[in-house]
Amino acid sequence: KNQVEQSPQSLIILEGKNCTLQCNYTVSPFSNLRWYKQDTGRGPVSLTIMTFSENTKSNGRYTATLDADTKQSSLHITASQLSDSASYICVVSLPAAGNKLTFGGGTRVLVKP
Amino acid sequence: GAVVSQHPSRVICKSGTSVKIECRSLDFQATTMFWYRQFPKKSLMLMATSNEGSKATYEQGVEKDKFLINHASLTLSTLTVTSAHPEDSSFYICSAEPGVSSYNEQFFGPGTRLTVL
C-alpha cells in the first residue's frame, strides 16, 4: 500500500470554479509535506512546502492545509484557470530515509472553458 | 533562481546504443542530485541519489551497470543509459538539492523523454 494516497485520481472542473485535492499519508515522522504541479511532459514545480508544525500555506491561488493529527493534507485551487490543467502531486520528505521523497500517485486536473 | 536544466529534452536512439542525459543546476550549487524515472500516468520513481565526488546510491532494483551516474561537479550530474532497450523508454527527471535549503527542497529539471527503437 502506498504511503501517500491522493484522491481523486482525476477531476474535471469548469474555468473559474474552485476545487480541493486530498492527500492522506501514513508515513511518520516526516520533515515536510510538499505539493507539486506537473504539466504533461514537464518536471514537477513546487507549489507549497509545509513542515509538520505548519497548518496552512498559500501560493497565489493555491492554498495547502495540513492536519498532522489526521495525517491529511489538502490543496485548494481558487478561481481555476485553463493553465491549472496538470497533475498535482503530494510528496512527503522522510528524515529517516535521508530526506528521500515519497510521492503520491497524483491527481490529474482538467480545467474546461 | 533555483533553475535546473536537462539536456537533451528528448532523444530517440536505436536499441543497443548508449545515451547520456545531463542535469545542471544553473544558479546554485547542488550538493545532492537525484534521478527519477516516470512512466505514463504514473508518479516519479527514484532511481538513484548522487553526491558530488562520490559514487551514486541506487535504489533497490535499479541496475547500476545499466544506469551509470556521474556527479563530477556541484552543478552537473549525468545519467548514461547503457545498451538501451525499448523497455528503457521512459521520462527521466533529475532534481537538485542546494545544501542551504531549510526544507531540503529539491528543484526538478524539465525532464528528458527517451525513446528506444
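As shown above, the structure is provided for reference.
Procedures and definitions
Residues numbered from 1 in each chain as written. Chains lettered and ligands numbered in written order. Predicted model: local features only at pLDDT ≥ 70, side-chain atom pairs only at ≥ 80, totals over all residues. Heavy atoms only, no water. Helix = DSSP H or I, 4+ residues; strand = E, 2+ residues; numbered from the N terminus. Rg over C-alpha atoms; globule rule 2.2 N^0.38 Å. Buried < 20%, exposed > 50% of the residue type's maximum accessible area, 1.4 Å probe, protein only. Contact = heavy atoms within 4.5 Å. Areas by Shrake-Rupley, 256 points an atom, 1.4 Å probe, with all protein chains shown as cover. Pairing = 2+ DSSP bridges. Phe/Tyr/Trp six-rings, centres within 6.5 Å; stacked < 30°, edge-to-face > 60°. Lys NZ or Arg CZ within 6 Å of the ring centre and 35° of its normal. Salt bridge = Lys/Arg side-chain N within 4 Å of Asp/Glu carboxyl O. Polar contact = N/O pair within 3.5 Å; in protein donor to acceptor, adjacent residues only side chain to side chain. Core = buried A, V, L, I, M, F, W, Y, C linked by side-chain atoms within 4.5 Å. Buried area = accessible area lost by both parts, 1.4 Å probe. Nonpolar A, V, L, I, M, F, W, Y, C, P; charged D, E, K, R; others polar.

Asker: Which parts of the structure should I look at to understand the overall build of chain B?
Answerer: The number of helices and strands found in chain B is zero helices and 11 strands. Reading chain B from its N end, one meets helices and strands in the order β-β-β-β-β-β-β-β-β-β-β. Its C-alpha atoms give chain B a radius of gyration of 13 Å, within 12% of the compact-globule value 13 Å for 117 residues. The dimensions of chain B, computed from C-alpha atoms along their principal axes, are 40 × 25 × 20 Å. Looking at chain B as a whole, 50% of its 117 residues are labelled buried. In chain B, 55% of the contacts between residues at least 6 apart in sequence involve partners at least 24 apart. For chain B, the computed accessible surface area is about 5,800 Å², with 52% contributed by carbon and sulfur atoms.

Asker: Where do I start with the pairing of strand β3 (residues 19-25) of chain A in this structure?
Answerer: Sheet faces and side chains relate simply in a regular strand, where the side chains alternate between the two faces. Residues and elements named next belong to chain A. Only one face of β3 is covered, namely the face carrying Cys 19, Leu 21, Cys 23 and Tyr 25; the face carrying Thr 20, Gln 22 and Asn 24 is uncovered. Sheet analysis places strand β1 (residues 4-7) next to β3, joined by four bridges and oriented antiparallel. Within the sheet, the bridge partner assigned to Ser 7 lies in β3 and is Gln 22. Sheet topology note: the β3/strand β8 (residues 72-77) ladder contains six bridges and is antiparallel. Paired with Leu 21 across the two strands is Leu 75, which belongs to β8.

Asker: What is the right way to look at the packing of aromatic side chains in this model?
Answerer: A ring pair, where both rings are aromatic, is described by two values, the distance of the centres and the angle of the planes. A full pass over the atoms with the stated rule returns eight aromatic pairs over all chains. Taken together, a centroid distance of 5.4 Å and an interplanar angle of 80° make the contact between Phe103(A) and Tyr36(B) edge-to-face. With one member in each of two chains, Phe103(A) in strand β10 (residues 100-103) and Tyr36(B) in strand β4 (residues 30-38) form a pair that bridges those chains. The buried category is assigned to Tyr36(B), whose relative accessible area is 1%. An aromatic cluster of three or more residues is present, and its members are Tyr36(A), Phe103(A), Phe34(B), Tyr36(B) and Phe108(B). It is Arg61(A) that lies over the ring of Tyr62(A); its NZ or CZ is 5.7 Å from the centre.

Asker: In this structure, what is going on with the pattern of salt bridges? I would like to understand it.
Answerer: When charged atoms on two side chains of opposite charge get close, those side chains can pair. All chains considered together, the criterion is met by five salt bridges over all chains. A salt bridge links Lys100(A) to Glu59(B); its shortest N-O distance comes to 2.7 Å. In this pair, Lys100(A) sits in strand β10 while Glu59(B) sits in the loop between β6 (57-58) and β7 (67-73), so the two residues belong to two different chains. Residue class for Lys100(A) comes out partly exposed when judged on its relative accessible area of 28%.

Asker: What is the right way to look at the side chain of His71(B) in this model?
Answerer: Residue and element names in this part refer to chain B. As for its placement among the helices and strands, His 71 is situated in strand β7. Taking relative accessible area as the criterion, His 71 reaches 4% and is therefore assigned buried. Here Glu 52 takes part through its backbone nitrogen, which lies 3.4 Å from a polar atom of the side chain of His 71. A distance of 3.1 Å separates a polar atom in the side chain of His 71 from the backbone oxygen of Ser 73. If we skip the residues at most four places from it in the chain, His 71 touches Ala 30, Thr 31, Thr 32, Met 33, Ser 50, Asn 51, Glu 52, Gly 53, Leu 76 and Ser 77.

Asker: Even after reading the chapter, I still don't get the nonpolar core, so can you show me in this structure?
Answerer: Ranked by internal contacts, the top residues of the largest apolar core, which has 25 residues, are Leu21(A), Tyr25(A), Leu33(A), Trp35(A), Leu75(A), Tyr88(A) and Val92(A). Looking at this core, the elements that each hand over two or more residues are β2 (10-14), β3, β4 (32-38), β5 (45-51), β7 (62-67), β8, β9 (86-94) and β11 (107-112) of chain A. Those residues in contact with Val92(A) that lie beyond four places of it in its chain are Val4(A), Tyr25(A), Val27(A), Phe30(A), Asn32(A), Leu33(A), Lys100(A), Leu101(A) and Thr102(A). By size, the runner-up hydrophobic cluster in this structure holds 24 residues, among which are Val4(B), Met33(B), Ala48(B) and Ala84(B).

Asker: Just to check I follow, could you spell out the interface of chain A and chain B for this structure?
Answerer: For an interface, size is often stated in terms of accessible area lost upon the parts coming together. Taken together, the contacts link 21 residues of chain A with 16 residues of chain B. Carbon and sulfur atoms supply 54% of the area that chain A and chain B bury against each other, a total of about 1,600 Å² over both sides. Our enumeration of links across chain A and chain B arrives at one salt bridge. Linking chain A with chain B are four residue pairs in polar contact (both at pLDDT 80 or more), by the criterion used here. For the side of chain A that touches chain B, the secondary structure elements donating two or more residues are β4, β5 and β10 of chain A. Sort the elements by how many residues they give to the side of chain A that touches chain B and β4(A) lands first, with four residues. Residue composition of the side of chain A that touches chain B, grouped by class: six nonpolar, nine polar and six charged.

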